[in-house]
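# Fold and geometry: a report
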Amino acid sequence: MHKLTHKVSLLMIVLTALTFSGCSSKKPKTDVGAIPSAADADVNALGDSDSGRAAGLQTIHFDYDSYILTGETRRILEQNTALLKEKGNLNIQIEGHCDERGGIQYNIALGEKRANAVRRFLIDNGIPGERVTTISFGKERPINPASNEEAWNQNRRANFVVTSQ
């Protein structure tokens, strides 16, 4: 019985350590598809495109239930790519967001697809992948808390956060 108690205690220590590992001050390396916790987002943020303080980078918006880059989003992303090439010292995090409709897990996955579509566009257009991380907030961080079409259009987005200069 003593061995079992010892194993359970060790398991509890490991689980506790894993639970609180997102609370460290170090920013983890984010791979494509990885979804860091909200506690890891905005670490060392120097500005974001939602507030207009991301070195000229612009937020893009998506159609309902889509992560497809439209002609308008591609035009904005081309401008963002040019800025990132000009300012080769900027590192960014792309945040994928959704509107309030749909479940939490569905929207986390959709937000991840949105952020990764933007990241892939930037990489395909010459931005080194190590300069761009992604995170999905799903429907958890709406820019407009209203529950109508206008708000939903604003909330379906990928915004840019400058993480270092």
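Before going into details, it helps to say that this report is about the structure given with it. (Residues numbered from 1 in each chain as written. Predicted model: local features only at pLDDT ≥ 70, side-chain atom pairs only at ≥ 80, totals over all residues. Heavy atoms only, no water.)

On to the pattern of salt bridges, then. This structure, assessed with the given rule, holds 5 salt bridges. A salt bridge links E72 to R75, with the shortest nitrogen-to-oxygen separation between them at 2.7 Å. One end of the pair is E72 and the other is R75, both in helix α2 (residues 71–86) and 3 residues apart, which spans about a single turn. Take R75: its relative accessible area is 37%, and that puts it in the partly exposed class. Across the pair R101 and D99 runs a salt bridge, and its minimum N-O distance is 2.7 Å. (Salt bridge = Lys/Arg side-chain N within 4 Å of Asp/Glu carboxyl O. Helix = DSSP H or I, 4+ residues; strand = E, 2+ residues; numbered from the N terminus. Buried < 20%, exposed > 50% of the residue type's maximum accessible area, 1.4 Å probe, protein only.)

Let's shift gears to the packing of aromatic side chains. According to the stated counting rule, one finds 0 aromatic pairs in the structure shown. The aromatic ring of W152 is capped on one face by R101, whose charged end is 3.8 Å from the ring centroid. R141 extends its terminal NZ or CZ atom over the ring of F137, reaching a point 4.0 Å from the ring centre. (Phe/Tyr/Trp six-rings, centres within 6.5 Å; stacked < 30°, edge-to-face > 60°. Lys NZ or Arg CZ within 6 Å of the ring centre and 35° of its normal.)

Tracing the sequence through the fold places Y64 in the loop between β2 (60–61) and α2. C-alpha separation for the pair Y64 and R156, spaced 92 residues apart in sequence, amounts to 7.3 Å. Non-local contacts of Y64, meaning those with residues more than four positions away in its chain, are made with D99, R101, R114 and R156. (Contact = heavy atoms within 4.5 Å.)

Another aspect to go through is the nonpolar core. In this structure, I60, L69, I92, I94, V118, L122 and F160 are the most contacted members of the largest nonpolar core, which totals 22 residues. When residues of this core are traced back to their parent elements, those giving at least two are α2, β3 (91–97), α3 (104–124) and β5 (157–164). The dominant element in this core, judged by the number of residues it contributes, is α3, at 5 residues. In contact with I92, not counting residues within four places along its chain, are L57, L84, L122, R131, V132, T133, F160, V161, V162 and T163. (Core = buried A, V, L, I, M, F, W, Y, C linked by side-chain atoms within 4.5 Å.)

Looking now at the side chain of R114. With respect to the helices and strands, R114 occurs in helix α3. Although buried, R114 forms no salt bridge, and the nearest oppositely charged side chain, D65, lies 6.3 Å from it. Excluding residues that lie within four positions of it along the chain, R114 makes contacts with F62, D63, Y64, D65, S66, Y67, H97, C98, R156 and R157. (Lys, Arg positive; Asp, Glu negative; His and termini not counted.)

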